[in-house]
Amino acid sequence: MNKTQSLSMRYDPRELTDEELVARSHAELFHVTRAYEELMRRYQRTLFSVCSRYLGNDRDADDVCQEVMLKVLYGLKNFEGKSKFKTWLYSITYNECITQYRKERRKRRLMDALSLDPLEEASEEKTPAPEEKGGLDRWLVHVNPIDREILVLRFVAELEFQEIADIMHMGLSATKMRYKRALDKLREKFAGIAET
């Protein structure tokens, strides 16, 4: 390692912005992973939370998070910075969650077709009833997967509507409209429960 490389290695990744960490990753990967590791550290909790809420269980969420982190590791060198790193990360996350969701749905259909008892399979991993969960999780079971993802990206990942629209390949107005309708549906649903 020459003197210039040695000096460029001396930095505290916690003090750098996402953009600076991405630039460092372009230069360092795959020999040095400090910048990449800091990016993942910053987003890992929210990333897991997004996956868990979208997929409905921690096991699948953990698998998807691992896959996302690998895709980021191998894709970071090609990330051009046309969008924010955060938007790019959640775009990958969204696509991986969709893939996992479809895999699970196909698996369930196959079990049904083979006449296996899906309740027996599900009992291995007891998921609490919606009433037992608190906060956002309790609400998310009442909306379809696309609306759920919009709500998760807005409330959990704290993305702007334009970022959500870009990730989901939807128009901005369509994204806002789906968001509003999902909230209206949830308000109606939970207003009825509150009155009883």
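Our structure's up above, just so we're on the same page.
Summary of the structure given here.

Cut-off values and rules
- Residues numbered from 1 in each chain as written.
- Predicted model: local features only at pLDDT ≥ 70, side-chain atom pairs only at ≥ 80, totals over all residues.
- Heavy atoms only, no water.
- Helix = DSSP H or I, 4+ residues; strand = E, 2+ residues; numbered from the N terminus.
- Buried < 20%, exposed > 50% of the residue type's maximum accessible area, 1.4 Å probe, protein only.
- Contact = heavy atoms within 4.5 Å.
- Areas by Shrake-Rupley, 256 points an atom, 1.4 Å probe, with all protein chains shown as cover.
- Expected span 1.5 Å × (residues − 1).
- Polar contact = N/O pair within 3.5 Å; in protein donor to acceptor, adjacent residues only side chain to side chain.
- Phe/Tyr/Trp six-rings, centres within 6.5 Å; stacked < 30°, edge-to-face > 60°.
- Lys NZ or Arg CZ within 6 Å of the ring centre and 35° of its normal.
- Core = buried A, V, L, I, M, F, W, Y, C linked by side-chain atoms within 4.5 Å.
- Salt bridge = Lys/Arg side-chain N within 4 Å of Asp/Glu carboxyl O.
- Bend = angle between axes of the 7 residues up to and from the residue.

## Focus: the overall build of the protein chain
And step 1. The secondary structure content of the protein chain amounts to 10 helices and zero strands.
And step 2. Taken across its 196 residues, the protein chain has 37% of its residues classed as buried.
And step 3. Partitioning the intrachain contacts of the protein chain with sequence separation of at least 6 by distance along the chain shows that 60% fall at a separation of at least 24.
And step 4. Split by element, the accessible area of the protein chain, about 12,300 Å² in all, is 51% carbon and sulfur.

## A word on helix α4 (residues 58-75)
An α-helical turn contains 3.6 residues, so any two residues separated by three or four positions project in the same direction.
And step 1. End to end, α4 covers 25 Å across 18 residues, agreeing with the expected 26 Å (1.5 Å per residue, within 8%).
And step 2. Of the positions making up α4, those classed as buried are Asp60, Ala61, Val64, Cys65, Val68, Val72, Leu73 and Gly75.
And step 3. Sitting at the amino-terminal end of α4 is Asn57, which places a side-chain oxygen 3.2 Å from the backbone nitrogen of Arg59.

## A look at the packing of aromatic side chains
To describe a pair of aromatic rings, you give the distance between the ring centres and the angle between the ring planes.
And step 1. Following the criterion strictly, the structure yields nine aromatic pairs and no others.
And step 2. An angle of 35° between the planes, with centres 5.4 Å apart, marks the rings of Phe30 and Tyr74 as tilted. Highlighted residues: Phe30 in the loop between α2 (18-28) and α3 (34-55) and Tyr74 in helix α4, separated in sequence by 44 residues.
And step 3. When its relative accessible area of 43% is taken as the criterion, Phe30 is described as partly exposed.
And step 4. On the basis of relative accessibility, which here comes to 55%, the residue Tyr74 falls in the exposed class.
And step 5. Here the basic side chain of Arg24 rests over the ring of Tyr11, its NZ or CZ set 4.0 Å away from the ring centre.
And step 6. Of note, Arg154 hangs over the ring of Phe161, and the distance from its end group to the ring centre comes to 4.1 Å.

## Some thoughts on the nonpolar core
And step 1. Counting 49 residues, the largest nonpolar core has Val72, Leu76, Phe85, Leu89, Tyr90, Leu151 and Leu153 as the members making the most contacts within it.
And step 2. Looking at this core, the elements with two or more residues in it are α2, α3, α4, α5 (85-113), α8 (145-155), α9 (161-168) and α10 (172-195).
And step 3. Sort the elements by how many residues they give to this core and α3 lands first, with 10 residues.

## Points about the pattern of salt bridges
And step 1. Taken as a whole, this structure holds 11 salt bridges when the rule is applied.
And step 2. Residues Glu38 and Arg42 are paired through a salt bridge, measuring 3.0 Å at the closest nitrogen-oxygen approach. Taken together, the positions of Glu38 and Arg42, both in helix α3 and four residues apart, correspond to about one turn of that helix.
And step 3. Given the relative accessible area of 6%, Glu38 is considered buried.
And step 4. By relative accessible area, which is 26% here, Arg42 ends up partly exposed.

## Thoughts on α3
And step 1. Look at α3: 30 Å from first C-alpha to last across 22 residues, which is about the 32 Å you get at 1.5 Å a residue.
And step 2. When the local axis directions of α3 are compared, the greatest deviation, roughly 50°, occurs at Tyr43.
And step 3. Buried residues of α3: Ala35, Tyr36, Glu38, Leu39, Met40, Tyr43, Leu47, Val50, Cys51, Ser52, Tyr54 and Leu55, and no others.
And step 4. Phi turns positive, to about 90°, at Gly56, one or two residues after α3.

## Observations concerning the environment of Tyr179
And step 1. Among the secondary structure elements, Tyr179 is positioned in helix α10.
And step 2. Distance from Tyr179 to Phe161, taken between C-alpha atoms, is 9.2 Å for residues 18 residues apart in sequence.
And step 3. Those residues in contact with Tyr179, other than ones at most four positions away along the chain, are Ile150, Leu151, Arg154, Phe155 and Phe161.

## Let's talk about unusual backbone geometry
And step 1. Looking along the chain, the bond that leaves Leu29 and enters Phe30 is cis, with omega of 10°.
And step 2. Not every positive phi belongs to a glycine, and Glu158 is a case in point at roughly 55°.
And step 3. Here Glu158 lies in the loop between α8 and α9.
And step 4. Residue classification places Glu158 among the exposed positions, given a relative accessible area of 59%.
And step 5. At His169, a position not held by glycine, the phi torsion is positive, near 55°.

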